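Listed below are the residues making up each chain.
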Amino acid sequence: MNTFFIITSVLLHIVSLYLILLLFTKLAFHTDTKKEQQSILEDTEQLLAAFMLEQREEHDRLMRALEHAAGPEQETESESANRIENRKIGNTHIEEEPEMAEQLPDHLLHAEEMEDSVEWSHSDPVPEEAVRLYEEGRSIEEIARKTGKGKTEIELLLKFRRK
């Protein structure tokens, strides 16, 4: 009778060890999956932050172009003071919103400063050249490279010229 209990006990121990190992492997799998999902989520957040920043830049550039096209309007003293103060200290959207800038990859941190330095005037031959290259069948990336402008800038230019 004792041997029966000993054999039963050993079998139960073996089964319990197998179940513990099975649960451990499932837990490890779920932990790995959770880490992968977390990294995908962080990458997506960074991508969305960069996209939102780019959209804000495009919006601001469009608003400046519309204001410039509408003609000079009188600024209030506070708007003028804010504009002058921003120029003095070199404010950019990235500096104004550090929480978004901290999430951007290093190669995108200075993109706004580079793009803000690009201004098109009415006598600038780049828009006509961009339209000509597009009509020749060049891709937007090639046009941006040849003209020294951003891809988004070229896309907007072509959209406005088509209408």
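Structure: above.
Everything in this summary refers to the structure shown in the same document. (Residues numbered from 1 in each chain as written. Predicted model: local features only at pLDDT ≥ 70, side-chain atom pairs only at ≥ 80, totals over all residues. Heavy atoms only, no water.)

Description of the overall build of the protein
The following threshold applies: By definition, any uninterrupted DSSP run of H or I lasting at least four residues is a helix, any uninterrupted run of E lasting at least two residues is a strand, and each is numbered from the N terminus. Three labels apply to residues, based on accessible area from a 1.4 Å probe with only protein chains included: buried if under 20% of the type maximum, exposed if over 50%, partly exposed otherwise in between. In this description, contact between two residues means that some pair of their heavy atoms is separated by no more than 4.5 Å.
The number of helices and strands found in the protein is eight helices and zero strands. Reading the helices (α) and strands (β) of the protein from amino to carboxyl end gives α-α-α-α-α-α-α-α. Counting the 163 residues in the protein, one finds 21% classified as buried. Of all intrachain contacts in the protein linking residues separated by at least 6 positions in sequence, the fraction that spans at least 24 positions is 62%.

Digging into helix α7 (residues 140-147)
Basically, it comes down to this: Note: the arc covers the axis-to-C-beta directions of the helix.
Turning to α7, its buried residues are Ile140, Ile143, Ala144 and Thr147. Along the axis of α7, the buried positions cluster into a sector of 100 degrees, meaning they face one direction only. Exposed and oriented more than 90 degrees from the buried face of α7 are Arg145 and Lys146. The elements touched by buried residues of α7 are α6 (126-135) and α8 (151-162).

Here we look at the nonpolar core
Put simply, the rule is: In this description, a nonpolar core means a group of buried Ala, Val, Leu, Ile, Met, Phe, Trp, Tyr and Cys residues linked to one another through side-chain atoms lying within 4.5 Å.
Grouped together as the largest cluster of nonpolar side chains are nine residues: Ala130, Val131, Leu133, Ile140, Ile143, Ala144, Ile154, Leu157 and Leu158. Elements that contribute at least two residues to this core include exactly α6, α7 and α8. In this structure, Ala130 is in contact with Ile143, Ile154, Leu157 and Leu158, ignoring residues within four places of it in sequence.

Regarding a nonpolar patch on the surface
For clarity, the cut-off: The patches described consist of residues with a relative accessible area above 30% and no salt bridge, like charges being joined within 9 Å and nonpolar side chains (Val, Leu, Ile, Met, Phe, Trp, Tyr) within 5 Å. Exposure was quantified through the Shrake-Rupley algorithm and a 1.4 Å probe, taking into account, for residues, occlusion by the shown protein chains and nothing else. One speaks of a salt bridge when a side-chain nitrogen belonging to Lys or Arg is within 4 Å of a carboxyl oxygen belonging to Asp or Glu.
On the surface, a nonpolar cluster with roughly 490 Å² of combined accessible area is contributed by Ile6, Ile7, Val10, Leu11 and Ile14. For Val10, the position within the fold is in helix α1 (residues 2-70).

Points about the pattern of salt bridges
Side-chain pairs of opposite charge can arise whenever the charged atoms involved come near each other. Counting across every chain of the model gives four salt bridges. A salt bridge links Arg61 to Glu58; the shortest N-O distance between them is 2.8 Å. Taken as a pair, Arg61 and Glu58 lie in helix α1 at a separation of three residues, close to a single helical turn. Note that Arg132 is salt-bridged to Glu136, the shortest N-O span being 2.8 Å. Overall, Glu136 belongs to the partly exposed group, its relative accessible area being 47%. By sharing partners, the salt bridges in this structure join Arg132, Glu136, Arg138 and Glu142 into a single network.

Digging into α8
Basically, it comes down to this: Multiplying one less than the number of residues by 1.5 Å gives the expected span of a helix.
Helix length check: α8, at twelve residues, gives a terminal C-alpha distance of 17 Å against a target of 16 Å (1.5 Å per residue), a fit within 8%. Considered for burial, the residues of α8 that qualify are Thr152, Glu153, Ile154, Leu157 and Leu158. Here the buried face of α8 lies against α1, α6 and α7.

Details of the packing of α7 against α8
In plain terms, the rule: Axes here mean lines fitted to C-alpha atoms, for a helix over just the part in contact, with angles spanning 0 to 180 degrees between N-to-C directions. Put simply, angles under 35 degrees are roughly parallel, angles over 145 are roughly antiparallel, angles from 65 to 115 are roughly perpendicular, and the rest are oblique. The nonpolar class holds Ala, Val, Leu, Ile, Met, Phe, Trp, Tyr, Cys and Pro. Asp, Glu, Lys and Arg form the charged class, and all remaining residues, Gly among them, are polar.
Interhelical geometry of α7 versus α8 gives an angle of 110 degrees and a closest axis separation of 9 Å. As the angle between them shows, α7 and α8 are arranged roughly perpendicular. Across the interface between the two elements, Ile140, Glu141, Ile143, Ala144 and Thr147 from α7 touch Lys151, Ile154, Glu155 and Leu158 from α8. Residues that form the contact of α7 with α8 fall into these classes: five nonpolar, one polar and three charged.

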